[in-house]
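Tertiary structure, described
One-letter residues, chain by chain:
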2 protein chains.
Amino acid sequence: MRGETPLHQIPEVVILRLPLYVRVLAELESAGADVVSSQTLGRLLHSTPAQIRKDLSYFGRFGKQGRGYRVGHLLRELRQIMGLEREWSVVLVGVGLLGKAILSYQGFAPQGFHVVAAFDADPELVGTTVGGLVVRHSEELAEVVRELKPQLAIVAVPAHACQRVIDHVVATGIKGILNYAPYQAQVPDGVWVRDIDPVVTLQSMTYYLKGSDGKAAAVPASKRG
Amino acid sequence: MRGETPLHQIPEVVILRLPLYVRVLAELESAGADVVSSQTLGRLLHSTPAQIRKDLSYFGRFGKQGRGYRVGHLLRELRQIMGLEREWSVVLVGVGLLGKAILSYQGFAPQGFHVVAAFDADPELVGTTVGGLVVRHSEELAEVVRELKPQLAIVAVPAHACQRVIDHVVATGIKGILNYAPYQAQVPDGVWVRDIDPVVTLQSMTYYLKGSDGKAAAVPASKRG
């Protein structure tokens, strides 16, 4: 079979984009679209048709030249490739205001992500019920992971506690961590951490906005080179 | 001056990484480090020394071969390039549970991002005080933007309202939007949208985790090509 790349050779930047393909294809399917062109996908994904074709070429030849992609077929194949046709169990560490918002978020379960336990080190929180879960003490993490076998953890603790909590999570054998703390945690090979940090995300836009509101742009950097 | 690329030619993927450089360099500076090698930066940023050197080469020659980068100098230059040496005003649209967590988050102001107004369409919420701000009606958005001149907006509304709210924000002239809704919003050229979506971020890890917990991996995709 030509046109396929061994999966471990697919660049991470492509893997990072695939969930967006899945989201857009699901929206197209709901809207009743049978076929979509790389031009339309490019527009919906803020990308170019060439990039779309290149990304999808890693996974085999989904499209036919000039005919576009079959929406339902491509959606199901991508979901399977991404491991989204199964259910995933998730534990949450940190039940502050952000953790409470995460536990109350209705968007996880329909996508197959089930928060099965929540932990906090604060004795005032332990034993309270949030989003239908009784908060357990962080010291119980290893025991609960052995019992419930979650594959993923969400960490919503302050920056100063982040590395310690993530070490603790990694020690339980969990290999995928969604980290909300504004801290670049270190993990061993074979463990995946993704950060969600609104400040970093805002900072990735200010570069383009500086000077656009009539205020003086940053002074040119001092001489270099 | 050699070694510098006109700023508009810098790939977006590099711009997206710069805030992480800033975060790691600030941590190094706090820890008292004067000089850092591309090897160490690579390790801290989960990247390679070659990638670090290539990224930073877009902005001039910060490092000297074999001598490493001066932490404080590089930090200040990158902050200036990114537009982080000034203050930014932000409005929030959507004061549900997530919006409330955003308004209470203590991490924005120290980094120069000030939420100056919050809006919701729910009459029950309008007039209440959250995180020190009186929630205003969404219909007042244009008026308040004219008055306070924010450069950025955070949108924390349900998916079904997302495009309408973002159209509304764009119409006020705001050019940078942080979108928490699980929806791929469309905006005109010259407007920047960044999405924060925990489901998409979890989905970007499942690809690597499937099969790692002893459960059957996804059935191989049907024949292609």
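These numbers were taken from a predicted model, which means no experiment stands behind them.

**Remarks on the nonpolar core**
Judged by nonpolar contacts, the single largest core of 125 residues is most densely connected at Leu92 and Val155 of chain A together with Leu92 and Val155 of chain B. Dropping the residues within four chain positions of it, Val155 of chain A is found in contact with Val93, Gly94, Cys162, Val165, Ile166, Val169, Ile177, Asn179, Tyr180 and Ala181 of chain A.

**Considering the sheet that holds strand β8 (residues 152-155) of chain B**
Residues and elements named next belong to chain B. The parallel open sheet is built from six strands, whose spatial order is β7-β4-β3-β8-β9-β10. Looking along the sheet, the strands with just one partner apiece sit at the ends: β7 (136-137) and β10 (192-195). Alignment of strand β4 (residues 113-120) against β7, held across two bridges, turns out to be parallel. If you follow Phe119 over to β7, its bridge partner there is Arg136. Along the sheet face, helix α7 (residues 159-171) touches β3 (88-93), β8 and β9 (176-179) and points at about 165° away from the line of β8.

**Some remarks on the interface of chain B and chain A**
With 61 residues of chain B in contact, the opposing surface of chain A contributes 62 residues. Within the residue set of the side of chain B that touches chain A, elements represented by two or more residues are α1 (12-30), α4 (71-82), α5 (97-104), β9, β10 and α8 (198-209) of chain B. If you tally residues by element for the side of chain B that touches chain A, the top one is α8 of chain B, at 12 residues. Of the residues belonging to the side of chain B that touches chain A, the class tally is 33 nonpolar, 16 polar and 12 charged.

**Notes on the sheet that holds strand β7 (residues 136-137) of chain A**
All names here are of chain A. Taken together, six strands build an open sheet; the order of strands is β7-β4-β3-β8-β9-β10 and the sheet is parallel. Two strands close off the open sheet at either side, each with one partner strand: β7 and β10 (192-195). One ladder, built from four bridges, connects strand β9 (residues 176-179) with β10; its direction is parallel. In the strand pairing of β10, Ile177 is matched with Val193.

**Observations concerning the relation of the copies chain B and chain A**
At an RMSD of 0.0 Å, chain B and chain A line up after a rotation of 180° and a shift of 0.0 Å along the axis. Viewed as a symmetry operation, the transformation between the two copies matches a two-fold axis. When the interface residues of chain B are mapped onto chain A, 100% of them again lie at the interface, so the same face is used by both copies.

**Quick word on helix α4 (residues 71-82) of chain A**
The first and last C-alpha atoms of α4 of chain A sit 16 Å apart over 12 residues, in line with the 16 Å expected at 1.5 Å per residue. Residues of α4 of chain A that are buried: Val71, Leu74, Leu75, Glu77, Leu78, Arg79, Ile81 and Met82 of chain A. For α4 of chain A, the elements touching its buried residues are α1 (12-30), β1 (35-36) and β2 (69-70) of chain A together with α8 of chain B. Positioned one or two residues after α4 of chain A, Gly83 of chain A has a phi angle of 80°, which is positive.

**As for unusual backbone geometry**
Look at His46 of chain A: it is not a glycine, yet its phi comes out positive at around 55°. You can see His46 of chain A is positioned in the loop between α2 (38-44) and α3 (49-57).

**What about the domain arrangement of chain A?**
Partitioning chain A into domains gives domain 1 (7-82) and domain 2 (88-201). A separation of 31 Å is found between the C-alpha centroids of domain 1 of chain A and domain 2 of chain A.

**Observations concerning the pairing of strand β3 (residues 88-93) of chain A**
Residues and elements named next belong to chain A. Counting buried residues in β3 gives five out of six residues, a clear majority hidden from the surface. Handedness of the crossover joining β3 and strand β4 (residues 113-120) through helix α5 (residues 97-104) is recorded here as right-handed. Pairing geometry for β3 and strand β8 (residues 152-155), over four bridges, is parallel. Directly across from Val90, in β8, lies its bridge partner Leu152.

**Some details on helix α3 (residues 49-57) of chain B**
All names here are of chain B. Taken as a whole, α3 has its buried residues at Ile52, Asp55 and Leu56. The buried residues of α3 occupy one face: seen down the axis, they fall within an arc of 90°. Lining the buried residues of α3 we find α1 and α2 (38-44).

**Regarding the packing of α1 of chain A against α8 of chain B**
Between α1 of chain A and α8 of chain B, the least distance of the axes is 8 Å, while the angle of their chain directions is 120°. It follows from the interaxial angle that α1 of chain A and α8 of chain B lie oblique. By crossing handedness, the relation of α1 of chain A to α8 of chain B is classed as right-handed. Between α1 of chain A, through Ile15, Leu16, Pro19, Leu20, Val22 and Arg23 of chain A, and α8 of chain B, the contact on the second element is made entirely by Val200, Gln203, Ser204 and Tyr207 of chain B. When the residues that make up the contact of α1 of chain A with α8 of chain B are grouped by side-chain class, the tally is seven nonpolar, two polar and one charged.

**Let's talk about the environment of Pro49 of chain B**
Residue and element names in this part refer to chain B. Of note, Pro49 is situated in helix α3. Assessed through the 14 C-beta atoms surrounding it within 10 Å, Pro49 is described here as partly exposed. On a C-alpha basis, the gap between Pro49 and Ala181 in space is 36 Å, while along the polypeptide they are 132 residues apart. Residue contacts for Pro49: discarding those within four places in its chain leaves Ser38, Gln39 and Gly42.

**A short note on the environment of Val35 of chain A**
All names here are of chain A. Here Val35 is to be found in strand β1. Under the C-beta neighbour-count criterion, Val35 is labelled partly exposed, with 16 such atoms within 10 Å. The spacing of Val35 and Leu74 is 39 residues in sequence and 9.7 Å in space, taken between C-alpha atoms.

Basis of the calculations
- Residue numbers restart at each chain and count upward from 1, following the sequence in its written direction.
- The naming scheme follows written order: chains are lettered A onward, ligands numbered 1 onward.
- For a predicted model such as this one, the threshold for reporting local features is a pLDDT of at least 70, and the threshold for listing and counting side-chain atom pairs is 80 or more; totals across whole chains, interfaces and linings nevertheless cover every residue.
- By definition, a nonpolar core groups buried Ala, Val, Leu, Ile, Met, Phe, Trp, Tyr and Cys residues that connect through C-beta atoms lying within 7 Å of each other.
- Here a residue counts as buried when 20 or more other C-beta atoms sit within 10 Å of its C-beta, as exposed when there are 12 or fewer, and as partly exposed otherwise, the C-beta atoms being derived from the backbone.
- What counts as a contact is two residues whose backbone-derived C-beta atoms lie within 7 Å of each other.
- Strands were regarded as paired on the criterion that DSSP finds at least two bridges between them.
- Think of it this way: any DSSP run of H or I at least four residues long counts as a helix, any run of E at least two long counts as a strand, and we number them from the N terminus.
- Angles run from 0 to 180 degrees between N-to-C directions of axes, and those axes are lines fitted to C-alpha atoms, restricted for helices to the stretch in contact.
- Ten residues, namely Ala, Val, Leu, Ile, Met, Phe, Trp, Tyr, Cys and Pro, are considered nonpolar, four, namely Asp, Glu, Lys and Arg, are considered charged, and the remaining ones, Gly among them, are considered polar.
- The least-squares superposition of copies is restricted to C-alpha atoms, and to residues with a pLDDT of at least 70 in both copies.
- How far a helix is expected to stretch is found by multiplying one less than its residue total by 1.5 Å.
- For each domain, the first and last residues come from an automatic or database assignment.
- Whether a crossover is right-handed comes down to one check: with the strands pointing away from the viewer, does the path from the first strand over the helix to the second run clockwise; if it does, it is right-handed.
- Throughout, the arc means that of the directions going from the helix axis to the C-beta atoms.
- Each angle gets one of four labels, with under 35 degrees taken as roughly parallel, over 145 as roughly antiparallel, 65 to 115 as roughly perpendicular, and the rest as oblique.
- Rotating anticlockwise by less than a right angle from the far helix to the near helix defines a left-handed crossing, while the corresponding clockwise rotation defines a right-handed one.

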